[in-house]
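# Overview (structure and organization)
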Amino acid sequence: NATLVGAAQVVLYPENTTIYVTVHSQWTVDNARFAAYFFGANGDTWANMTLVAGNIYSTVVPGETGKVLFSAV
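Now for a quick tour of the structure. (Residues numbered from 1 in each chain as written. Predicted model: local features only at pLDDT ≥ 70, side-chain atom pairs only at ≥ 80, totals over all residues. Heavy atoms only, no water.)

Counting its regular elements, the protein contains zero helices and eight strands. N-terminal to C-terminal, the α/β element order of the protein is β-β-β-β-β-β-β-β. Scored against the burial criterion, the 73 residues of the protein give a buried share of 22%. (Helix = DSSP H or I, 4+ residues; strand = E, 2+ residues; numbered from the N terminus. Buried < 20%, exposed > 50% of the residue type's maximum accessible area, 1.4 Å probe, protein only.)

Shown next as structure tokens:
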């Protein structure tokens, strides 16, 4: 469900979809917390990410959004 915006591909994540991110092992050395920042027409929302296995984290999309950034805190 992706669209092309300029030179970037934007993926639209439906509400309640589980998304995953794989982080580099160096990011987990200091016990960093991972989160996803959803933003767009419906406002801004932070969602904590949960360790699934190894270096894979997941979260559930809290509402309709077309933009997400992943962050280590």
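Now, onward.
We now examine the nonpolar core. Ranked by size, the top nonpolar core spans 11 residues in total: Ile19, Val21, Val23, Phe34, Ala36, Phe38, Ala47, Met49, Tyr57, Val61 and Val68. Mapped by element, the contributors of at least two residues to this core are strand S3 (18-22) and strand S4 (34-39). Take this core: its biggest share by element is three residues, from S4. (Core = buried A, V, L, I, M, F, W, Y, C linked by side-chain atoms within 4.5 Å.)

This paragraph deals with the sheet that holds strand S8 (residues 67-72). Pairing between sheet strands relies on hydrogen bonds along the backbone, with the strands arranged either parallel or antiparallel. Read across the open sheet, the three strands follow the order S5-S4-S8; overall the sheet is antiparallel. In the strand order of this sheet, the two ends are held by strand S5 (45-48) and S8, each with one partner. Each strand of the sheet is rotated relative to its neighbour by a mean of 25 degrees, with strand direction disregarded. Bridge count for S4 against S8 is six bridges, and the pairing is antiparallel. (Pairing = 2+ DSSP bridges. Axes fitted to C-alpha atoms, helices over the stretch in contact; angles between N-to-C directions.)

So, on to the sheet that holds S3. Judged by pairing direction, the sheet is antiparallel, and its three strands sit side by side in the order S3-S7-S6 without closing on themselves. Edge positions in the open sheet fall to S3 and strand S6 (50-53), since each of these has one partner strand only. The average undirected angle you get between the axes of adjacent strands in this sheet is 40 degrees. In the sheet, S3 pairs with strand S7 (residues 56-60) via five bridges, with the strands oriented antiparallel. Bridge pairing in S7 places tyrosine 20 opposite serine 58.

Okay, the packing of aromatic side chains next. Scanning the entire structure with this criterion turns up two aromatic pairs. For the ring pair tyrosine 37 and tryptophan 46, a centre distance of 4.9 Å and an interplane angle of 40 degrees mean the geometry is tilted. Owing to a relative accessible area of 56%, tryptophan 46 belongs among the exposed residues under this scheme. (Phe/Tyr/Trp six-rings, centres within 6.5 Å; stacked < 30°, edge-to-face > 60°.)

Moving on to a nonpolar patch on the surface. A grouping of Tyr20, Val52 and Ile56 is seen on the molecular surface, where their side chains present a nonpolar patch of about 290 Å² in accessible area. Topologically, tyrosine 20 is positioned in strand S3. (Patch = residues over 30% accessible without salt bridge, like charges linked within 9 Å, V, L, I, M, F, W, Y side chains within 5 Å. Areas by Shrake-Rupley, 256 points an atom, 1.4 Å probe, with all protein chains shown as cover. Salt bridge = Lys/Arg side-chain N within 4 Å of Asp/Glu carboxyl O.)

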